[in-house]
Amino acid sequence: MPVIGDRSVLVINDDRMMNHQPDIQDPFLPGRLDRRVREILNGLAVQWRYPEHPGRLSAITQRLNADPIPGVHVETAEPATREQLGRVHTSAHLREIERMRGKHAWLDVDTTAVSPGSIEAAEVAAGAAIAAVEAVCKGRAQSAFALCRPPGHHAEPARSRGFCFFNNVAVAAAHAQQELGMERILIIDWDAHHGNGTQDIFWASPDVMLFDTHRAAPFYPGSGRLEDVGAGLGEGTTVNVPLPGGSGDQAILMAFREILIPAAAWFQPDLILISAGFDAHRLDLCLNVSYEGFAAMTEIVQTLADRHCEGRLALVLEGGYHLESLSQGVHTVLQVLAGGEAPTPEEIGLAEVAAASEFHKTAFISDAPYSDAPSSDSPLTDAHPPTQL
Ligand SMILES: [Zn+2]
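Residues numbered from 1 in each chain as written. Predicted model: local features only at pLDDT ≥ 70, side-chain atom pairs only at ≥ 80, totals over all residues. Heavy atoms only, no water.

Novice: Quick question: what am I supposed to make of the sheet that holds strand S7 (residues 208-215) here?
Specialist: For sheets, the rule is that strands pair by backbone hydrogen bonds, running either parallel or antiparallel. The parallel open sheet is built from 8 strands, whose spatial order is S2-S1-S5-S10-S9-S6-S7-S8. The open sheet has two free edges, formed respectively by strand S2 (72-75) and strand S8 (238-243), since each of these has just one partner strand. On average, each strand axis in the sheet is tilted by 15° relative to the strand beside it, whichever way the strands run. Two strands pair when backbone bridges link them, and strand S5 (residues 143-146) and strand S10 (residues 313-317) are joined in this way by 4 bridges, in the parallel orientation. Looking at the pairing, Ala146 lines up with Val316 of S10. In this fold helix H8 (residues 249-267) packs onto strand S6 (185-189), S7 and S8, with an angle of close to 175° to the strand it touches most, S7. Strands S6, strand S9 (271-276) and S10 of the sheet are contacted by helix H9 (residues 291-308), whose axis makes an angle of about 165° with S9. (Pairing = 2+ DSSP bridges. Helix = DSSP H or I, 4+ residues; strand = E, 2+ residues; numbered from the N terminus. Axes fitted to C-alpha atoms, helices over the stretch in contact; angles between N-to-C directions. Contact = heavy atoms within 4.5 Å.)

Shown next, in the form of structure tokens:
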């Protein structure tokens, strides 16, 4: 019988990631479509707020402090170095980001803004992902969860996109390959959005497999088609599972069981990384995953890590913008990582209907109040009465 606290879990969190405080009023750099974006923002009926704000991390921390999980301990991180970031980003991209240090500005029309603390926050986020793989590869913890902010999986080799500056999970994978002796790395991206940046970075790499469930185009960022399987030596190591809006536990778990499990057995990873977004939760309105669904997904990836790579499993936070489902989602995943049992997800409402059915079941079978009610031996007893149209 699994017990919470059986397994050691390291959470990486660092207050410097709270200093990334983008503001939609920040100007664009000259020539960066400022007027066009202002027109769009001003035309919205409800004022748009930057959804990737420091309150995301404080909601998670408050939840963990209110209900601590045995076996989980927390450490801070060091900022990633230029050399570590340069393994997956171009030097031009790193120069561009460096130029933004200490400023208020938008980097890209694609919702990426900076505040004076943003560049250090982004370096610490990538460093947190590195700390997570260091911990599991050196055996200091059985699994690790880096609470990265800003997130990373939309960041491309040469471009910040979708709230992301550096591709944290890719930086961690490259570090594990170059410094920690990990040859083959499986990245599982269960964020509701496609990990376009991660896909780009490892598109032709045979040693990094990306398995990505996401809401299908035209949902942001619009990439991640089924047919996109990588190229060159990396052909076959990109595995996309695009899903329609509203897909929930059963669909995602079917993808995990029928595609991910055999893919992992074929690939034989030395390390498993998760791009763990929580915007697939039903409160975030992108997909329809429940907390039990996240728990079941965690149990599967943990089993895969135990089976193929001596348990080495590191999670990196991506999206998740509804503070309740984000914080409760992280808490749920950590409980399973710490050894807790994952409940079986059920279609929402079925248990309630079963209870209601039990409650009402004697109400309509005796002392029929209607004179034209079918008698018990009528063929209509087990069917709907004919309807007059
Ligand atoms: Zn997302």
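Novice: Could you clarify how one ought to interpret helix H10 (residues 323-337) in this entry?
Specialist: Every α-helical turn comprises 3.6 residues, leaving residues that sit three or four positions apart pointing alike. Look at H10: 21 Å from first C-alpha to last across 15 residues, which is about the 21 Å you get at 1.5 Å a residue. Most of H10 sits out of view: 11 of its 15 residues are buried. Residues of H10 that are buried make contact with strand S1 (9-12), helix H2 (55-66), S5, H9 and S10. Positive phi shows up at Gly339, right after H10, with a value of about 115°. (Expected span 1.5 Å × (residues − 1). Buried < 20%, exposed > 50% of the residue type's maximum accessible area, 1.4 Å probe, protein only.)

Novice: Got a minute to help me understand the pattern of salt bridges in this structure?
Specialist: Side chains carrying opposite charge are able to pair once their charged atoms draw close together. Scanning the entire structure with this criterion turns up 17 salt bridges. One salt bridge connects Arg161 with Glu156, and the closest N-O pair in it is separated by 3.1 Å. The pair formed by Arg161 and Glu156 is uniform in burial state, with each residue classed as buried. If you follow the salt bridges from partner to partner, you end up with Glu52, Arg56 and Arg149 in one network. (Salt bridge = Lys/Arg side-chain N within 4 Å of Asp/Glu carboxyl O.)

Novice: Quick question: what am I supposed to make of the pairing of S7 here?
Specialist: The buried fraction of S7 is high, at 7 of 8 residues. Pairing geometry for S6 and S7, over 5 bridges, is parallel. Looking across to S7, one finds that Ile185 is bridged to Val208. Assessed by its sense of winding, the connection that carries the chain from S6 through helix H7 (residues 196-201) to S7 is right-handed. (Right-handed = clockwise from strand over helix to strand, strands pointing away.)

Novice: What exactly am I supposed to notice about unusual backbone geometry here?
Specialist: In most cases, non-glycine residues show a negative phi, while peptide bonds are predominantly trans. Between Arg149 and the following residue, Pro150, the backbone shows a cis peptide bond with an omega angle of 0°. Tracing the sequence through the fold places Pro150 in the loop between S5 and helix H6 (168-179). Residue Pro221 is reached from Tyr220 by a cis peptide bond, and omega for that bond is 0°. Within the secondary structure layout, Pro221 lies in the loop between S7 and S8. Of note in this structure, Gln268 is not a glycine but carries a positive phi near 55°. The topology assignment puts Gln268 in the loop between H8 and S9. In this structure, Glu310 is a non-glycine residue whose phi angle is positive, near 50°. In this fold, Glu310 is placed in the loop between H9 and S10.

Novice: Looking at this structure, how should I read the coordination of the zinc ion?
Specialist: Under perfect tetrahedral coordination by four donors, a metal shows angles of 109.5 degrees; under perfect octahedral coordination by six donors, it shows angles of 90 or 180 degrees. Protein coordination at the zinc ion: the donors are Asp191 (OD), Asp191 (OD), His193 (ND1) and Asp279 (OD), at 2.0 to 2.7 Å from the metal. Around the zinc ion, the 4 donor atoms sit at angles spanning 52 to 154°, and that spread fits a shape best called irregular. Every donor residue of the zinc ion comes from the same chain, spaced as D-x1-H-x85-D. Here the residue His193 occupies a position in the loop between S6 and H7, and Asp279 occupies one in the loop between S9 and H9, the gap between them amounting to 86 residues. The pair formed by His193 and Asp279 is uniform in burial state, with each residue classed as buried. (Donors = N, O, S within 2.8 Å, 3.2 Å for Na, K, Ca; no water. Tetrahedral: all angles 85-135°; square planar, octahedral: opposite > 155°, others 65-115°.)

Novice: Can you help me understand the packing of aromatic side chains in this one?
Specialist: Geometrically, a pair of aromatic rings is defined through the distance of the ring centres and the angle of the planes. Scanning the model with the defined rule gives 7 aromatic pairs in all. An angle of 55° between the planes, with centres 6.1 Å apart, marks the rings of Trp190 and Phe294 as tilted. Highlighted residues: Trp190 in the loop between S6 and H7 and Phe294 in helix H9, separated in sequence by 104 residues. The class for Phe294 is buried, based on a relative accessible area of 0%. (Phe/Tyr/Trp six-rings, centres within 6.5 Å; stacked < 30°, edge-to-face > 60°.)

Novice: Just checking my understanding: could you explain the confidence of the model for the protein for this structure?
Specialist: Low pLDDT means the predicted atomic positions in that stretch should not be read closely. Averaged over every residue, the pLDDT of the protein is 91; residues scoring 70 or more account for 89%. Every residue in residues 385-389 is under pLDDT 50, and counting partners more than four places away or in other chains gives 1 contact. (pLDDT = per-residue confidence, 0-100.)

Novice: Got a minute to help me understand the packing of H9 against H10 in this structure?
Specialist: Packed helices, taken two at a time, are described by the angle between their axes plus the distance between the axes. Direction vectors running N to C along H9 and H10 enclose 35°, while the axes themselves pass 9 Å from each other. At the point where H9 passes H10, the crossing takes the right-handed sense. Residues Tyr291, Phe294, Ala295, Thr298, Glu299 and Gln302 of H9 lie in contact with H10, whose contacting residues are Glu324, Ser325, Gln328, Gly329, Thr332, Val333, Val336 and Leu337. Taken together, the residues that form the contact of H9 with H10 break down as 6 nonpolar, 6 polar and 2 charged. (Left-handed = near helix turned anticlockwise from the far one by under 90°. Nonpolar A, V, L, I, M, F, W, Y, C, P; charged D, E, K, R; others polar.)

Novice: Sorry, what's going on with the environment of Pro70 here?
Specialist: With respect to the secondary-structure elements, Pro70 resides in the loop between H2 and S2. Between the C-alpha atom of Pro70 and that of Arg7, which follows or precedes it by 63 residues, the distance is 8.9 Å. Leave out the neighbours within four places in its chain, and Pro70 touches Ile4, Gly5 and Ala338.

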